[in-house]
Amino acid sequence: MTLSGAARKETSVTDGAAASTDRPALLLAWYDRHRRRLPWRPPAGERTDPYRVWLSEIMLQQTGVKTVGPYFEKFLARWPDVAALAGASLDDVLRMWAGLGYYSRARNLHACAVAVAREHGGAFPDTEEGLRALPGIGPYTAAAIAAIAFDRRTMPVDGNIERVVSRLFAVEEPLPQAKPVIQQLAASLLGPSRAGDEKSRAGDSAQALMDLGASICTPKKPACSLCPLNEDCMARAQGTQETFPRKLAKKTGELRRGAAFVVTRGDELLVRTRPEKGLLGGMTEVPGSEWRAGQDDKAALKQAPELKGIAPWHRKAGVVTHVFTHFPLELAIYTSSVPARTRAPEGMRWVPVATLPGEALPNVMRKVVAHGLGE
Ligand code: SF4
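Here is a short report on the structure shown in this document.

**Description of the site of the ligand**
The local shell around the ligand consists of Arg 167, Ile 216, Cys 217, Cys 224, Cys 227, Asn 230, Cys 233, Arg 236 and Gln 241. Using a 2 Å cut-off from the grid points, one finds that the ligand occupies the largest cavity. Residue composition of the shell around the ligand, by class: five nonpolar, two polar and two charged.

**Quick word on the side chain of Arg 265**
Relative to the elements of secondary structure, Arg 265 occurs in strand S1 (residues 256-265). The buried category is assigned to Arg 265, whose relative accessible area is 17%. Side chain to side chain, Arg 265 and Glu 268 meet in a polar contact 2.8 Å long.

**Some points on the packing of aromatic side chains**
Summed over the entire model, instances satisfying the criterion amount to nine aromatic pairs. Residues Phe 261 and Trp 313 carry aromatic rings whose centres are separated by 5.1 Å and whose planes lie at 55° to one another, so their mutual orientation is tilted. With Phe 261 in strand S1 and Trp 313 in the loop between helix H14 (297-301) and strand S5 (314-323), this residue pair connects regions lying 52 residues apart in the sequence. Under the relative-accessibility criterion, Trp 313 is labelled partly exposed at 26%. Ring geometry for Phe 324 and Phe 327: centres 5.1 Å apart, planes at 35°, overall tilted.

**Quick word on the side chain of Thr 342**
Inspection of the secondary structure puts Thr 342 in the loop between strand S6 (328-337) and strand S7 (348-352). Judged by relative accessible area, Thr 342 falls into the buried class, the value being 8%. Not counting residues within four places of it along the chain, the set of residues in contact with Thr 342 comprises Arg 265, Leu 307, Lys 308 and Trp 350.

**A short note on empty space enclosed by the protein**
To find the voids left in a structure, one rolls a probe of water-molecule size over its atoms. Within this structure, the stated rule accounts for two cavities of 30 Å³ or more. In this structure, the largest cavity encloses a volume near 110 Å³. Around the largest cavity sit 14 residues that line it, and Leu 168, Cys 217, Cys 224, Cys 227 and Cys 233 are the ones nearest its centre. For the lining of the largest cavity, the leading source of residues is helix H10 (residues 159-168), giving three residues. Of the residues assigned to the lining of the largest cavity, the class counts are ten nonpolar, two polar and two charged. Space inside the second largest cavity adds up to approximately 50 Å³. Arg 257, Gly 258, Gln 295, Asp 296, Asp 297, Ala 300, Val 319, Glu 330, Leu 331 and Ala 332 together form the lining of the second largest cavity. Mapped onto the lining of the second largest cavity, the elements with two or more residues apiece are S1, H14 and S6.

**Overview of the environment of Ala 260**
The topology assignment puts Ala 260 in strand S1. Under the relative-accessibility criterion, Ala 260 is labelled buried at 1%. Between the C-alpha atom of Ala 260 and that of Ile 333, which follows or precedes it by 73 residues, the distance is 5.1 Å. The contacts of Ala 260, once residues within four sequence positions are left out, are Val 286, Pro 287, Gly 288, Leu 331, Ala 332, Ile 333, Tyr 334 and Val 368.

Rules used throughout
- Residues numbered from 1 in each chain as written.
- Predicted model: local features only at pLDDT ≥ 70, side-chain atom pairs only at ≥ 80, totals over all residues.
- Heavy atoms only, no water.
- Near = heavy atom within 4 Å.
- 1 Å grid on protein atoms, 1.4 Å probe; cavity = no way out; pocket = protein on both sides within 12 Å on 5 of 7 lines; lining within 4 Å.
- Sits in = over half its atoms within 2 Å of the grid points.
- Nonpolar A, V, L, I, M, F, W, Y, C, P; charged D, E, K, R; others polar.
- Helix = DSSP H or I, 4+ residues; strand = E, 2+ residues; numbered from the N terminus.
- Buried < 20%, exposed > 50% of the residue type's maximum accessible area, 1.4 Å probe, protein only.
- Polar contact = N/O pair within 3.5 Å; in protein donor to acceptor, adjacent residues only side chain to side chain.
- Phe/Tyr/Trp six-rings, centres within 6.5 Å; stacked < 30°, edge-to-face > 60°.
- Contact = heavy atoms within 4.5 Å.
- Points joined across faces, edges and corners; volume = space filled by probe spheres on them.

Honestly, it's all geometry; don't read function into it.
Next up, the structure:
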């Protein structure tokens, strides 16, 4: 662990001695005045609904607040509580989720709702341990729900909090190795617990740091003059704010290539469902080749679906690109059409183009269809 002198001092502060400044109190006072209004957040002082906290935290994994807002409202209107969501079909949940990406989250969301309804009588467990035993809830999400919904004294550390803490304490160690030390330093920012009570304003402390990272301690040009912790920030004192958090160079996966086939029958499009397991499991797609590194166009085109009476394939200009977590993808798009009443090959089906918005089409397939059906 490589920490600057002051950060080392702070680490020992968290180990027992008295804190030199009252950062937790400054943070909470700032939060009381400047908290963000978010669809899943109740007004100050009102009870937090664990269902809303859980739903928002699952949606916010790998997705920004702006994108999540409308999805959250849509889900809540349709399934106002965990019992309603548990009673929904997985297909409906996947359909509503389409566009949010990382679809295993939607499957786990449904599985988790079923587990809470069946095994916990519809009430979320109120400890990190209990929450972690549920599908789709890892250490960060368990800590976030425990703190925000139940005021358990724990600090969930997301990207915003990592940034604020690494600047505040000038943590020199790069991510991801720095995670444990950042976690420890972040926990020193929790407000004091009430005597004899494990609970505190932990949820507000965590949300204060999240808000600070989102609105003031931003990746570029942090607004340090507005920051409640600016007098005690090491990176600010050094003028090195934007260099934190330190990061190791990212490795991106090898480019994979493939082809996607956009076949129309009048106003209908040929689609299939991806296998349940694996990337984009259970989602809808147009037929396509395998996605492989170094695959050439000829090899990809050979994997086109076979249909009676199909017109020659037309290769659309350009390619559709998409970046998954572990690899970038480049797809050549081929279009064709078949006569009315042509049967779909086994495992495929025709769907009216007009109903595509209601299909569980992942983002990459939305791009493919838009390119294939566009002029
Ligand atoms: S003073 Fe600036 S760099 Fe330091 S925590 Fe506040 S906003 Fe971030």
